[in-house]
2 protein chains.
Amino acid sequence: MAFEEMWRDLSPVGRSASSGGYFRQPWTSAEGELRAWFAEECAARGLVVETDGIGNQVAWWGDGDLPGVLTGSHLDSVLDGGAYDGPLGVVSALAAIDTLRARGVQPGRPIGVGVFVEEEGSRFGRACLGSRLVAGATTWEEARELRDRAGVFLADAVAAAGLDPSAGLLSLDRVGTFVELHVEQGRDLVDRDVPVGLASEIWPHGRWRFDFAGQANHAGTTRMEDRHDPMLTYAMTALAANKQARLAEQRATFGRIAVEPNGTNAVPSLVTAWLDARASSNAALADMVAAIERQAEDRAGRDGTALVVTPESVSGSVAFDADLATRLAGLGGWPVIPTQAGHDAGILSDAGIPTAMVFVRNPTGVSHSPDERAETADCLAGVEALADVLAELTRSGNPA
Amino acid sequence: MAFEEMWRDLSPVGRSASSGGYFRQPWTSAEGELRAWFAEECAARGLVVETDGIGNQVAWWGDGDLPGVLTGSHLDSVLDGGAYDGPLGVVSALAAIDTLRARGVQPGRPIGVGVFVEEEGSRFGRACLGSRLVAGATTWEEARELRDRAGVFLADAVAAAGLDPSAGLLSLDRVGTFVELHVEQGRDLVDRDVPVGLASEIWPHGRWRFDFAGQANHAGTTRMEDRHDPMLTYAMTALAANKQARLAEQRATFGRIAVEPNGTNAVPSLVTAWLDARASSNAALADMVAAIERQAEDRAGRDGTALVVTPESVSGSVAFDADLATRLAGLGGWPVIPTQAGHDAGILSDAGIPTAMVFVRNPTGVSHSPDERAETADCLAGVEALADVLAELTRSGNPA
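Residues numbered from 1 in each chain as written. Chains lettered and ligands numbered in written order. Predicted model: local features only at pLDDT ≥ 70, side-chain atom pairs only at ≥ 80, totals over all residues. Heavy atoms only, no water.

Chemist: Would you mind going over the sheet that holds strand β9 (residues 251-260) of chain A in detail, with residue names and values included?
Modeler: All names here are of chain A. Taking strand neighbours across the sheet as the criterion, the four strands line up as β9-β11-β7-β12 in an open arrangement whose pairing is antiparallel. One side of each edge strand has no neighbouring strand; the edge strands of this open sheet are β9 and β12 (306-315). The mean angle between the axes of side-by-side strands here comes to 20°, regardless of whether they run parallel or antiparallel. Where β9 meets strand β11 (residues 270-278), nine bridges bridge the pair, whose relative direction is antiparallel. Residue pairing in the sheet places R256 in a bridge with W274 of β11. (Pairing = 2+ DSSP bridges. Helix = DSSP H or I, 4+ residues; strand = E, 2+ residues; numbered from the N terminus. Axes fitted to C-alpha atoms, helices over the stretch in contact; angles between N-to-C directions.)

Chemist: Explain the packing of helix α2 (residues 29-44) of chain A against helix α3 (residues 87-102) of chain A to me, using residue names and the numbers behind them.
Modeler: Residues and elements named next belong to chain A. The interhelical angle for the contact between α2 and α3, taken along N-to-C directions, is 10°, at an axis separation of 11 Å. Compared by their axis directions, α2 and α3 come out roughly parallel. Along the contact surface, α2 presents W37, F38, E41 and C42, while α3 presents V90, V91 and L94. Counted by class, the contact of α2 with α3 contains six nonpolar, no polar and one charged residues. (Parallel < 35°, antiparallel > 145°, perpendicular 65-115°, else oblique. Contact = heavy atoms within 4.5 Å. Nonpolar A, V, L, I, M, F, W, Y, C, P; charged D, E, K, R; others polar.)

Chemist: Please give an account of the pairing of strand β11 (residues 270-278) of chain B that cites residues and values.
Modeler: Residue and element names in this part refer to chain B. Among the nine residues in β11, eight count as buried, and that is most of the element. Both strand β7 (residues 205-213) and β11 contribute to a ladder of nine bridges, which runs antiparallel. If you follow F210 over to β11, its bridge partner there is A273. (Buried < 20%, exposed > 50% of the residue type's maximum accessible area, 1.4 Å probe, protein only.)

Chemist: How would you summarise the nonpolar core if you had to cite specific residues and measurements?
Modeler: Formed by 64 residues in total, the largest nonpolar core has its most connected members in F210, Y234 and L275 of chain A together with F210, Y234 and L275 of chain B. With residues near it in sequence (within four places) discarded, F210 of chain B still touches T237, F254, V271, T272, A273, L275, I292, E293, A296, L307, V308 and V309 of chain B. (Core = buried A, V, L, I, M, F, W, Y, C linked by side-chain atoms within 4.5 Å.)

Chemist: Let's hear about the side chain of Q25 of chain B: which residues, and what values?
Modeler: Residue and element names in this part refer to chain B. By the element assignment, Q25 lies in the loop between α1 (2-10) and α2 (29-44). Among the polar contacts made by the side chain of Q25, one reaches the main-chain carbonyl oxygen of S77 at a distance of 2.7 Å. If we skip the residues at most four places from it in the chain, Q25 touches E31, S77, V78, L79, S122 and R123. (Polar contact = N/O pair within 3.5 Å; in protein donor to acceptor, adjacent residues only side chain to side chain.)

Chemist: Outline the interface of chain B and chain A, supporting the account with residue identities and numerical values.
Modeler: Contacts between the two partners involve 61 residues from chain B and, on the opposite side, 61 residues from chain A. Interface area, chain B with chain A, both sides summed: about 5100 Å², of which 55% is carbon and sulfur. Counting every contact that joins chain B to chain A gives zero salt bridges. Scanning the region where chain B abuts chain A turns up 26 residue pairs in polar contact (both at pLDDT 80 or more). Of all elements in the fold, only β8 (217-218), α8 (230-248), β9 (251-260), β10 (266-267) and β11 of chain B reach the threshold of two or more residues within the side of chain B that touches chain A. The greatest single-element share of the side of chain B that touches chain A, amounting to 10 residues, is contributed by α8 of chain B. Across the side of chain B that touches chain A, the residue classes tally to 24 nonpolar, 22 polar and 15 charged. (Buried area = accessible area lost by both parts, 1.4 Å probe. Salt bridge = Lys/Arg side-chain N within 4 Å of Asp/Glu carboxyl O.)

Coordinates in, geometry out; function isn't part of it.
Here it is as structure tokens:
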């Protein structure tokens with residue numbers, strides 16, 4: 001059937017032969033293949049794809065004056081990521097349209113299928129960049145100055161991918177409701193023994209860059225007591241972040257680091273590391289990050305190093321439309337659960353668009369990893385659930 | 001004078017405009033410039049340079065059957081290194097020949113000036129690679145399989161630099177004695193208030209690669225207690241190494257790290273870090289590294305990560321010829337001091353060649369850093385001292 005064919009077509013794109021994981025960074029050839037694949041799938045369904053100046057895509061089924069229902073997700077991945085995070089929502093959106101058509105449904109409002117670029121922030125460090133730009137949460141003037149790890153400006157990366165930023169961005173004017181289906185990135189559904197759930201909220205979360213500056217020196221001849229070694233300040237900070245998150249039952253991770261000069265026989269001059277932190281409330285997040293920063297500052301004082309902390313992207317808590325979640329959950333008796341992962345759905349919700357998320361069970365909870373997976377039966381249950389949701393939201397006379 | 005002219009000529013080669021430090025990695029264009037510069041300086045002195053199949057160079061002043069005295073050092077640098085570490089020994093060797101000629105000295109034995117490649121191990125991770133190969137401490141069959149950080153094999157890097165490894169290596173058959181002048185990488189001479197010293201020994205030292213393997217996962221959704229985060233194991237190990245070295249008054253440093261996938265929102269799957277460790281005796285070094293490894297293993301057990309430790313290059317203690325050091329120190333009343341830094345002189349000494357080192361005062365002790373420096377007056381004192389040493393070793397009837 002169509003779902004499995006689409007899944008098979010996507011399977012090799014951007015896949016690492018060594019790890020089995022995916023490298024689908026935005027404005028690369030892998031992502032270009034995915035964009036072309038999406039346009040072909042839409043064309044095969046008689047839908048016309050609109051691609052905006054930075055690569056966001058949308059295809060609408062049906063016209064009319066009523067506000068429409070947008071569904072979809074993203075196709076990019078983290079570095080060495082899994083197959084499901086993002087693509088499952090796009091493939092399921094297309095398959096749900098097939099299902100609605102097979103059921104003979106004539107939607108009373110337009111249904112759009114959308115793909116947002118750079119959701120993971122894996123290249124330019126800004127999560128949900130495509131939806132942020134579309135929603136006006138980030139300006140192009142600010143975004144164009146972002147650089148990737150090779151120093152390439154965003155504007156140049158976009159142009160190199162054959163896109164023209166001056167062509168403008170997608171409009172959200174037609175979007176009355178947004179529904180994003182996503183593989184669960186945790187073990188809530190597997191613990192409940194159900195294949196599908198609805199989202200209640202996204203935890204507040206953000207990224208902070210920690211620059212630890214010390215003094216480069218010879219690793220062999222410099223007495224330990226004469227050093228200003230920023231690696232030590234970093235190491236203590238990474239352990240402190242873990243401890244703070246465990247104590248508060250929140251999340252804090254240092255998963256990315258860059259060291260200068262990064263030579264075996266040199267005490268580093270600079271260690272830059274990125275903190276990913278999430279918490280169940282805005283206050284809890286601020287408190288945890290402040291505690292980590294305080295411990296890092298204390299250690300920097302002892303190490304004779306200097307610390308600068310820069311917030312790179314911080315998102316407050318997102319409460320999805322509670323009435324909408326309750327109404328949609330009632331369609332299948334699905335549970336309503338929170339998530340600690342950021343999503344384009346959070347950006348659109350913050351922009352005032354009633355938004356819902358459908359989660360598909362993840363048997364291990366593992367995500368952002370080549371080991372991420374979902375059972376095909378659960379994916380197909382997700383497609384049916386999404387079709388039910390879309391049918392409900394577009395039934396004539398129903399509120400979108 | 002010649003010393004300052006040579007120094008000025010070298011000053012821009014491989015220098016970073018941003019940091020002011022040097023990037024003179026082996027078999028790069030910067031190192032090619034240095035090799036050409038050395039050949040020109042030798043030619044200007046009527047000396048013929050022999051360049052071997054991997055880029056080691058030597059030029060002899062004088063023929064004859066008696067064993068000769070080789071002096072010199074290296075021209076490569078660590079990443080973002082200083083100007084003096086290596087080049088000071090080569091420039092001083094050439095300047096010392098000028099001084100001997102100006103004094104009208106007719107050496108009773110040949111004097112060679114040599115340059116060894118990849119002393120720092122900054123590209124292929126094996127310190128003193130050029131001298132190790134020449135001395136037979138490492139075989140070409142083993143070395144050719146080494147790869148740099150971009151995955152380039154040593155053999156390909158050498159060939160890309162226009163060299164032909166099959167042309168063979170320098171012979172040490174003519175070398176009766178080796179003398180290396182080097183900037184001090186510590187504060188012994190500045191504390192003694194003298195510009196020049198002789199070396200007694202090199203501390204045992206080595207590099208160990210620590211591979212910490214965990215499980216990639218989502219940094220936001222994975223509960224802290226469900227993680228197998230190798231960054232935590234690494235961080236504790238880096239702090240443990242520092243503590244062990246402080247307790248034992250030895251040296252241990254983690255200055256280089258590589259993280260997979262190195263994404264902000266992913267718990268890493270793999271952290272690889274390199275330990276540089278040095279100690280005053282072979283037993284103290286082995287004890288310290290074992291203690292660090294034991295603490296790392298304990299923490300890996302708690303983190304649910306796996307650790308593999310691989311020694312990459314380990315050098316036992318080098319005691320330079322004590323009679324030679326005493327005899328040469330007597331020429332100027334110079335102190336005889338140990339060093340914690342590895343040198344080509346250690347490799348040649350281990351190969352059974354009587355070897356001495358002359359150190360030049362470093363006013364701050366800083367090395368392997370753009371901030372490394374030496375006063376010109378001290379450098380000129382070093383040239384005079386080296387000329388005295390060479391005159392003594394090549395005086396007719398004296399033992400070399």
